[in-house]
Amino acid sequence: MNAPSSTPMLEMRNVIVDFDGFKATNDLSLTIESGSMTVVIGPNGAGKSTMCDAIIGRVRPTSGKVLFHGREVQGMAEDKIVGLGICRKFQTPGVLVALSVIENLTIAAAKDKRWWTKFGRKGEDEAKAKAEDVLAQVGLEGRRDTPAGDLSHGEKQWLEIGMVVATDAELLLLDEPTAGMGAAESTATADLIKSLLGKHAVLVIDHDIDFVAQLGGHVIVLHQGKLLREGTLADIRADEEVAAIYLGRAK
Ligand SMILES: Nc1ncnc2c1ncn2[C@@H]1O[C@H](COP(=O)(O)OP(=O)(O)O)[C@@H](O)[C@H]1O
Ligand SMILES: [Mg+2]
């Protein structure tokens, strides 16, 4: 099961996703190492969400490969890829509004775990314990028994991040986790995401440059489905082509 250490955790190789002749990702190649943070920026329509879809099996690449620990996953069903240890938070909130915060987390912790059905009570206890840990990690202790539908927008986003964390996935994909948040909430979200590194690798998609600066990870700029540049945010900011096509227009 252990791949050689030279094998990256995740690799996309020349991935093309073609929607009826329009290449939403176009010959996209990148690697993500275990425990690391990768931040993907780029204008609307650059192919950021499609890139996530291709990693997690929501769309099938027209050509190219997606390798997780050296194993080809392109073309696998999404639930199988999730079972291998990749989990995605969607751009639109997807919490179960009638259930409490702790119930949402418990369901996420129990998801796809075979012991849940195999060992019954024990699995249930483990999922509950995990949910309590994650509750504290995302700072929602005070909202433990609140129905998810009554949370503020920011709190819902943190619950959703918690639900991804509760699955124990090795790679977390967070698509615009600060959408609709104010500055203070964004800062808290950056701190939360940074606290996940090491145990998890995190790929964050966002277009708010202040938030990207707070995250401080390896930055990838997508443009028209292609990887335009990668490096530190300082490298990216100093790049004239990036400034011309993107940063000048960023909020
Ligand atoms: N299912 C689809 N069918 C056709 N075109 C799509 C589909 N999904 C995305 N696209 C197009 O692909 C491009 C990239 O979209 P997306 O990956 O959502 O960009 P981003 O997340 O960077 O804003 C957009 O032009 C979008 O309209
Ligand atoms: Mg998107």
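Residues numbered from 1 in each chain as written. Chains lettered and ligands numbered in written order. Predicted model: local features only at pLDDT ≥ 70, side-chain atom pairs only at ≥ 80, totals over all residues. Heavy atoms only, no water.

For the rest of this paragraph, the subject is the site of ligand 1. With respect to spatial proximity, the complete set of residues near ligand 1 consists of Phe19, Phe22, Ala24, Pro43, Asn44, Gly45, Ala46, Gly47, Lys48, Ser49 and Thr50. In this structure, Gly45 approaches ligand 1 through a main-chain N or O atom, which is 2.8 Å from an oxygen atom. Between Ser49 and ligand 1, the recorded distance is 2.9 Å, taken from a backbone N or O atom to an oxygen atom. Starting from 560 Å² of accessible surface for ligand 1 in isolation, the protein chains cover 58%. The set of elements that each furnish at least two residues to the shell around ligand 1 consists of β2 (22–32) and α1 (48–56). Ranked by residue count, the leading element in the shell around ligand 1 is α1, at three residues. (Near = heavy atom within 4 Å. Polar contact = N/O pair within 3.5 Å; in protein donor to acceptor, adjacent residues only side chain to side chain. Areas by Shrake-Rupley, 256 points an atom, 1.4 Å probe, with all protein chains shown as cover. Helix = DSSP H or I, 4+ residues; strand = E, 2+ residues; numbered from the N terminus.)

Another aspect to go through is the sheet that holds strand β1 (residues 10–19). The strands making up a sheet associate through hydrogen bonds between their backbones, and the pairing can be parallel or antiparallel. Pairing is antiparallel in the open sheet, where four strands are placed in the order β2-β1-β4-β5. Two strands bound the open sheet, and with one partner strand each, they are β2 and β5 (71–72). Where β1 lies against strand β4 (residues 63–68), five bridges are found, and the strand directions are antiparallel. Bridging across to β4, Met12 finds its partner in Val66. (Pairing = 2+ DSSP bridges.)

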